[in-house]
Structures are given as structure tokens and as C-alpha cells.
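Breakdown of the fold
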Amino acid sequence: MTQDELKKAVAHAAIEHVPSGIIGVGTGSTANHFIAALAAIKGRIDGAVASSIATAERLQMIGIPVLDLNSVGEMEVYVDGADEITRHMAMIKGGGGALTREKIVAACAKKFICIADDSKLVDVMGKFPLPVEVIPMARSFVARQLVKLGGNPVLREGFTTDNGNVILDVHGMNIVDPVAMETEINQIVGVVTVGLFARRGADVFLMGTQNGVKTLTR
């Protein structure tokens, strides 16, 4: 199976975990396959909270109402992909630039289901550049602080988040304690959020492999 076929497989497997009512939906190529799969069960979905403008548009295209999180409160489930994930369910997310909204929606869900192919499973995170969303005026200051933490921050050229901010992709990190690293980076003045999902990691990881979809849990 190709990587894209593995993504489709986990996206369809995630449908079994979707209850009736309101759900949260992530952003990215694997999440897009999940949205496509939702079309078959949209009748039992009252609405969805989208983690990005792009996701909201895709949901509306298949006839699923997009709801404002402020009018929803808690959701049963949030489904999204990951750029890296460990067996302890900590993740790096934000390759698509929606990390802040993804983290907010995930925080409001009772269950976080991560869908990804097995190439995303790692023992230690950091090979994938760690995204950090930053207030534009603080870009240089935040970059200097990230260097002190051992990273090599690079501005994501020509990209602005849905929140009007910039992203620094931090290369060369070796994240052995993701919870501590998430806390430390989030405390840097000017950081909106870091793409480490460790304090609130995934509850279920549906992993696409050549031998079918495997389920990992906390």
C-alpha cells in the first residue's frame, strides 16, 4: 500500500469511533481523508468544530454544519493526524500550520483519536521540525530563546496562520521529555503555542500499516 492508501485506511477506521452528535475535526492530508469518509455518516452528525478554515470549508462542502466552539463546549471526540507520535501518545503537530486551533479543539474533546501511518511512530520526537506559532513582533526574540534550548528555528516563509501569526519551524531538537519541553516553550513571551501535544496527547492511535490498521492506546 502507498502512504496515501494507508492514510485512507486509518481515516475509514476512525469512522467506527465517531459517535452521534458533535465532533471535532483536525487539519491536514490524513484529516482530509477522514472528512471524505464522514460523508457516508453525515446524517448522524449534528455538527463539527473545525480546527482550520480549510477544514471548515471541506466539511461544509459535504454538508456537515460547522459550529463555533464557543457555542458547543465539550465534544465526545476529536480526530486528527500527527507529524510524529510516540508510544506514550505524545505528538508533534502543526506541519499544516493549524497547531493552535488544533490544540484548542483537542482540549475540549473527551477523546483524542490520532490517525496516521506507521512512518509517524518514533521513539524520540524531533526529527520532524517542531512548529511554534509566534506573534509577529516577537519572532526574533522567540527565535533567540529557542536557540538557547538547542534548536535551530527557521521562519516558515510566505505563511501566515489563520490567527494572523507566523510559524518558526525548529530543527535539530531531541525531545526526550515532551511534557517539560512543551511547558518551557509555551512560557516564552510571544509564543502563542508550540506544536507539542504531550500534556494532552492522544488517547487512541489508529496506525496504518502494510498488515492493516493497528490500534494503540495509552
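In what follows, the accompanying structure is described.

Below, the discussion takes up the side chain of Lys93. Tracing the chain through its elements places Lys93 in the loop between β5 (91-92) and α4 (99-107). A polar contact is formed between the side chain of Lys93 and the side chain of Asp80, at a distance of 2.7 Å. A polar side-chain atom of Lys93 sits 3.4 Å from a polar atom in the side chain of Glu102. Setting aside its immediate chain neighbours within four residues, Lys93 contacts Asp80, Gly81, Ala82, Asp83, Leu99, Glu102, Phe112, Pro131, Gly195 and Phe197.

According to the stated counting rule, one finds nine salt bridges in the structure shown. Across the salt bridge formed by Glu74 and Lys110, the nearest N and O atoms sit 3.9 Å from each other. With a gap of 36 residues between them, Glu74 in the loop between α3 (53-61) and β3 (75-80) and Lys110 in strand β6 (residues 109-117) connect regions that are remote in the sequence. Assessed through its relative accessible area of 57%, Glu74 is described here as exposed. Owing to a relative accessible area of 47%, Lys110 belongs among the partly exposed residues under this scheme. Across the pair Glu102 and Lys93 runs a salt bridge, and its minimum N-O distance is 3.4 Å.

With that settled, consider the nonpolar core. Judged by nonpolar contacts, the single largest core of 26 residues is most densely connected at Ile23, Val25, Phe34, Leu38, Leu59 and Ile115. Residue assignment for this core shows that the elements contributing at least two residues are α1 (3-14), β1 (21-25), α2 (29-38), β2 (45-50), α3, β3, β6 and β12 (204-209). Val122, Leu130, Leu168 and Ile188 belong to the second-largest nonpolar core, a separate cluster that totals 23 residues.

This brings us to α2. The buried count for α2 comes to seven of ten residues, which makes it a mostly enclosed element. For α2, the complete set of buried residues consists of Thr30, Ala31, His33, Phe34, Ile35, Ala37 and Leu38.

Turning next to the environment of Leu38. In this structure, Leu38 sits in helix α2. Among the residues examined, Leu38 registers a relative accessible area of 0% and is labelled buried. Separated by 19 residues in the primary sequence, Leu38 and Pro19 place their C-alpha atoms 11 Å from one another. Discounting chain neighbours no more than four positions away, the residues touching Leu38 are Ile15, Val18, Ile23, Val25, Ile45, Leu59, Ile62 and Ile64.

Attention now moves to the packing of α2 against α3. Where α2 contacts α3, the axes come no closer than 9 Å and their chain directions differ by 20 degrees. Of the possible angle classes, the one that applies to α2 and α3 is roughly parallel. For the element pair α2 and α3, the recorded crossing hand is right-handed. Residue-level inspection shows Asn32, Ile35 and Leu38 of α2 in contact with α3, the latter providing Thr55, Arg58 and Leu59. The residue makeup of the contact of α2 with α3, split by class, is three nonpolar, two polar and one charged.

Cut-offs and rules
Residues numbered from 1 in each chain as written. Predicted model: local features only at pLDDT ≥ 70, side-chain atom pairs only at ≥ 80, totals over all residues. Heavy atoms only, no water. Helix = DSSP H or I, 4+ residues; strand = E, 2+ residues; numbered from the N terminus. Polar contact = N/O pair within 3.5 Å; in protein donor to acceptor, adjacent residues only side chain to side chain. Contact = heavy atoms within 4.5 Å. Salt bridge = Lys/Arg side-chain N within 4 Å of Asp/Glu carboxyl O. Buried < 20%, exposed > 50% of the residue type's maximum accessible area, 1.4 Å probe, protein only. Core = buried A, V, L, I, M, F, W, Y, C linked by side-chain atoms within 4.5 Å. Axes fitted to C-alpha atoms, helices over the stretch in contact; angles between N-to-C directions. Parallel < 35°, antiparallel > 145°, perpendicular 65-115°, else oblique. Left-handed = near helix turned anticlockwise from the far one by under 90°. Nonpolar A, V, L, I, M, F, W, Y, C, P; charged D, E, K, R; others polar.

None of the figures reported here should be taken as evidence of function without further support.
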